[in-house]
Amino acid sequence: MSALFKQEIARQISALSGVQTDKVLEAIAPPRLAEHGDFAVAVPRLRLPGNPTATATDLASRMEKNELLTAISCQGPFINIFINKQRLMQLTLKQVFETRETFGQNNSGAGKRVLVEYSSPNIAKPFHAGHLRGTIIGNYVVNVLKANGYKTISMNYLGDWGKQYGLLAVGYQELGLGDDAKLKEDPIQHLFEVYVAVNKAAEVDPAIHDAARAYFKRMEDGDVQALQLWQRFRDLSIVRYKDTYSRLGVSFDVYSGESQVNEATSRAANMLTESGLLQDSDGAKIINLEQYKLGTTVITRSDGTPLYLTRDVGAAIARDEEFHFDKMIYVVGNQQDQHLTQLFKILELIGLEDLSKRCEHINYGMVKGMATRKGEVKFLDDILNETREKAHNQMKKNPVKYAQIEDPEYVSDIVGMSAVIIQDFGARRIKDYEFNMERNLSFEGDTGPYLQYTHARLCSIERNSDISVSLNVDLSLLTESCVADIIKLIDQYPEQVYQAAETLEPRRHSLRSCWKLNQTLVT
């Protein structure tokens, strides 16, 4: 609702100065010091002739107080304005009551479709801590875009094709390393165990690699038996992935993968050949992007096998044809910065400039401190289970409150997930950060459990008050300064949602708003 007050400020100044309303709006912001007012107009930004301080004094003297603006003054070249807090409270609470769960959402992205690719683990390789951050940030991107009216398509692009599946099949069937019961119970863990074991065996017997290549060739040729085992590995893994994702509140519209773009990869290979970009290098095909400061990248091996960039070009083309997106966002770690920049440049160079412009990379830093002491791989499920257990133990420290919880296991899982997610949001997206389990499970400070605690307290107050919340009240009785602060923060929420879609930076907008509201509520 603050937009209404800003519009009134801009209307008056525009009428007095001749500056267009939208230009005046750009010059309006909260002042540095709260005691100066609710809004300040930076007169130098209006680019009016004369001394800015004198101009500010003149404009302020001619502005009129009304039911929206209660006080107008000057501080150097700034016009400071106080607004009618009671009116802001009435308008804000009315909007909250009318829109309920959709409060803060907007239609700025209406009619636009965005495909977001994120998480994307490799089947048969660890679904580990490194996937955690991409999953959390990708889900955030999807939710923020939805709140701004975009039609989103969330895609999990699995690493589900290649010679490693030949290795898996040889290990699972021919070397007898597979166990159907273990596969059904925990496919991700068991396939990883088989993968590690067959690779160790191949170090002793190189013929295993030949057998793996032969098996994968059968898959590429469409051999039904070979594909049946691969399909089983894939399907069981996706079922387990979904269980893990659900704990984080994550779901996907599409489970795609490298196996789904074989035809598109062939088309991409032909386009790359016809483009004249390919150069020979010891039998392999490369593209030299040195003139763009992007180095040199291998497109196909000497045996003709296409590498990732070829598949990624094919995947981008196939997705554009299927989903007709306005934008495609790759939520991938910053280790892939160059790879994706090369991909976008190659799309441009082969004549797909429009598609290239519609692609965007949202990158992020690494999570440190999640490996075991021995440096072994730590599976994501293990991390989430450990977090749940530690949250459970933390809850048990207060026996009285613990006894009131109906389902401690469920609640401890939610508290644990909150700890993980909020810690991730607390770091700048592009920066690495150190995972600190003990600190993040604290019910004090800027942590997920503390946010959950505040929410639980508010729900408890509402339940125990035995009073239905209504707008048919005398809001003038709410004179405490903290009420005005809370209303101001609630009023800012729609703007925070809009800005979040511009930056896709959780810490800068979404999380800071949560902390400010949380601190105001508990003081």
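Coordinates for the structure precede this section.
Quick caveat, the model's predicted, so the values are computed rather than measured.

Quick notes on the overall build of the protein chain
Reasoning step 1: A tally of helices and strands in the protein chain yields 21 helices and 14 strands.
Reasoning step 2: Along the three orthogonal principal directions, the C-alpha set of the protein chain runs to about 90 × 65 × 35 Å.
Reasoning step 3: For the protein chain, buried positions account for 44% of its 523 residues.
Reasoning step 4: Partitioning the contacts of the protein chain with sequence separation of at least 6, the portion at a separation of at least 24 is 69%.
Reasoning step 5: For the protein chain, the computed accessible surface area is about 27200 Å², with 49% contributed by carbon and sulfur atoms.
Reasoning step 6: Side chains of the protein chain carry 60 positive and 68 negative charges; the gap between the two charge centres is 4 Å.

A closer look at the pairing of strand β6 (residues 151–158)
Reasoning step 1: The element β6 is extensively covered by neighbouring structure, given that seven of its eight residues are classed as buried.
Reasoning step 2: The pairing of strand β5 (residues 113–117) with β6 spans five bridges and is classified as parallel. Considered in β6, the bridge of E117 is made with M155.
Reasoning step 3: Traced from β5 through helix α5 (residues 130–147) to β6, the parallel crossover comes out right-handed.
Reasoning step 4: As judged from the four bridges shared by β6 and strand β7 (residues 254–257), these two strands associate in the parallel manner. Paired with N156 across the strands is Y255, a residue of β7.

Considerations on unusual backbone geometry
What you tend to see is this: most non-glycine residues have negative phi, and most peptide bonds are trans.
Reasoning step 1: Phi at S120 takes a positive value of approximately 50°, unusual for a residue other than glycine.
Reasoning step 2: Along the chain, S120 falls in the loop between β5 and α5.
Reasoning step 3: On the basis of relative accessibility, which here comes to 19%, the residue S120 falls in the buried class.
Reasoning step 4: One non-glycine residue, D466, lies in positive phi territory at about 60°.
Reasoning step 5: Of the residues examined, D466 reaches a relative accessible area of 74% and is grouped as exposed.

A look at the environment of T454
Reasoning step 1: The residue T454 is located in helix α19 (residues 448–465) in this model.
Reasoning step 2: For the pair T454 and G138, spaced 316 residues apart in sequence, the C-alpha to C-alpha distance is 26 Å.

Description of the sheet that holds strand β1 (residues 28–29)
Reasoning step 1: Sheet architecture is open: four strands sit in the order β1-β2-β4-β3, paired in antiparallel fashion. Across the chains shown, the open sheet's two edge strands, defined by having one partner strand only, are β1 and β3 (69–75).
Reasoning step 2: Two elements, β3 and strand β4 (residues 78–83), share six bridges in a ladder whose sense is antiparallel. Paired with L69 across the strands is I83, a residue of β4.
Reasoning step 3: Contacts from helix α1 (residues 2–17) reach β1, β2 (39–42), β3 and β4 within the one sheet, and its direction differs from that of β2 by about 35°.
Reasoning step 4: Of the strands in this sheet, β3 and β4 touch helix α3 (residues 52–62), which is tilted by about 160° from β3.

Let's talk about the environment of Q225
Reasoning step 1: By the element assignment, Q225 lies in helix α10 (residues 224–247).
Reasoning step 2: Taking relative accessible area as the criterion, Q225 reaches 60% and is therefore assigned exposed.
Reasoning step 3: Residues within four places of Q225 in sequence aside, it is in contact with Y215 and R218.

Looking at a positive patch on the surface
Reasoning step 1: On the surface, R428, K431, R507, R508, R512 and K516 cluster together into a positively charged patch.
Reasoning step 2: In this structure K431 comes out as partly exposed when scored by relative accessible area, which is 42%.

A few points about the packing of aromatic side chains
A ring pair, where both rings are aromatic, is described by two values, the distance of the centres and the angle of the planes.
Reasoning step 1: Tallied over the entire structure, the rule returns 11 aromatic pairs.
Reasoning step 2: Taking the centre distance of 5.2 Å and the plane angle of 65° together, the rings of W161 and F216 count as edge-to-face. Of this pair, W161 sits in the loop between β6 and α6 (163–174) while F216 sits in helix α9 (residues 207–220), and the two are 55 residues apart along the sequence. The same class applies to W161 and to F216, which are both buried.
Reasoning step 3: Plain terms: the ring middles of Y241 and Y245 are 6.4 Å apart, the flat faces sit at 45° to each other, and that makes the pair tilted. Taken together, the residues span about one helical turn, with Y241 and Y245 both in helix α10 at a distance of four residues. We note that Y241, like Y245, is buried.

Calculation notes
- Residues numbered from 1 in each chain as written.
- Predicted model: local features only at pLDDT ≥ 70, side-chain atom pairs only at ≥ 80, totals over all residues.
- Heavy atoms only, no water.
- Helix = DSSP H or I, 4+ residues; strand = E, 2+ residues; numbered from the N terminus.
- Buried < 20%, exposed > 50% of the residue type's maximum accessible area, 1.4 Å probe, protein only.
- Contact = heavy atoms within 4.5 Å.
- Areas by Shrake-Rupley, 256 points an atom, 1.4 Å probe, with all protein chains shown as cover.
- Lys, Arg positive; Asp, Glu negative; His and termini not counted.
- Charge placed at Lys NZ, Arg CZ, Asp CG, Glu CD.
- Pairing = 2+ DSSP bridges.
- Right-handed = clockwise from strand over helix to strand, strands pointing away.
- Axes fitted to C-alpha atoms, helices over the stretch in contact; angles between N-to-C directions.
- Patch = residues over 30% accessible without salt bridge, like charges linked within 9 Å, V, L, I, M, F, W, Y side chains within 5 Å.
- Salt bridge = Lys/Arg side-chain N within 4 Å of Asp/Glu carboxyl O.
- Phe/Tyr/Trp six-rings, centres within 6.5 Å; stacked < 30°, edge-to-face > 60°.

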